[in-house]
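Residues per chain, in single letters:
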Amino acid sequence: QVQLVESGGGSVRAGGSLRLSCAASGYTDRIDYIGWFRRPPGQQREGVVVFHGDVASYADSVKGRFTVSQDTSKNTLYLQMNNLKPEDTAVYYCAARNFPWGQGTQVTVSS
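Residues numbered from 1 in each chain as written. Predicted model: local features only at pLDDT ≥ 70, side-chain atom pairs only at ≥ 80, totals over all residues. Heavy atoms only, no water.

Draft legend 1. Molecular detail of the sheet that holds strand E2 (residues 10–13). The strand order across the open sheet built from 6 strands is E2-E10-E9-E4-E5-E6, with neighbouring strands paired in mixed fashion. The open sheet has two edge strands, E2 and strand E6 (55–58), and neither has a second partner. Adjacent strand axes in the sheet meet at a mean angle of 20 degrees when their direction is disregarded. Note that strand E9 (residues 90–96) and strand E10 (residues 105–110) share 3 bridges and pair antiparallel. Along E10, the bridge assignment pairs Val 91 with Gln 106. (Pairing = 2+ DSSP bridges. Helix = DSSP H or I, 4+ residues; strand = E, 2+ residues; numbered from the N terminus. Axes fitted to C-alpha atoms, helices over the stretch in contact; angles between N-to-C directions.)

Draft legend 2. Expanded view of the sheet that holds strand E7 (residues 66–71). The sheet built from 4 strands is open, its strands ordered E1-E3-E8-E7 with antiparallel pairing. Of all strands in the sheet, those with a lone pairing partner are strand E1 (5–7) and E7, marking the two edges. Between one strand axis and the next, the sheet turns through 15 degrees on average, direction left out of account. Sheet topology note: the E1/strand E3 (residues 18–23) ladder contains 3 bridges and is antiparallel. Residue pairing for E3: Ser 7 is matched across the bridge by Ser 21.

Draft legend 3. Spatial organisation of the pattern of salt bridges. The full count for this structure, using the stated rule, is 5 salt bridges. Here Arg 38 and Glu 46 are joined by a salt bridge, their closest N and O atoms 2.8 Å apart. Salt bridges linked by common partners bring Arg 38, Glu 46, Arg 65 and Asp 88 together as one network. (Salt bridge = Lys/Arg side-chain N within 4 Å of Asp/Glu carboxyl O.)

Draft legend 4. The arrangement of the nonpolar core in detail. Leu 4, Trp 36, Val 48, Phe 66, Leu 79, Met 81 and Tyr 92 are the most contacted members of the largest nonpolar core, which totals 25 residues. Elements supplying a minimum of two residues to this core: E3, strand E4 (33–39), strand E5 (46–52), E7, strand E8 (76–81), E9 and E10. Element by element, the count of residues in this core is highest for E9, at 4 residues. (Core = buried A, V, L, I, M, F, W, Y, C linked by side-chain atoms within 4.5 Å. Buried < 20%, exposed > 50% of the residue type's maximum accessible area, 1.4 Å probe, protein only.)

Draft legend 5. Quick peek at the state of the cysteines. In the structure shown here, the tally under the stated rule is 1 disulfide. Between the sulfur atoms of Cys 22 and its disulfide partner Cys 94 the distance amounts to 1.8 Å. Taking the sign of the S-S torsion, about 55 degrees here, the bridge from Cys 22 to Cys 94 comes out right-handed. Taken as a pair, Cys 22 in strand E3 and Cys 94 in strand E9 lie far apart in primary sequence, 72 residues in all. The exposure class assigned to Cys 22 is buried, which follows from its relative accessible area of 0%. When its relative accessible area of 0% is taken as the criterion, Cys 94 is described as buried. (Disulfide = S-S within 2.5 Å.)

See the structure below:
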């Protein structure tokens, strides 16, 4: 299957912002996105925001700081991350039905 590609990660100081993107280049069918996940160093992958129908369900740790959105015309999923904290440091992955995991994008937040 076509791979999802995450981008937009980087290094930022606490309180900063990043906007992540997820897409499958060259894929013409509509992508049914599940949401965003992350794997902090030394930990298991965890849900950041997951769609349940039309409702986006955010992890308690990111509520009020992260916002998911989608550009349907571009078949692209976004994650706006504001007021980043060191505990947000992780590799971030998007997820979609019938797609394997991509490589993820590294987010590093320093104090």
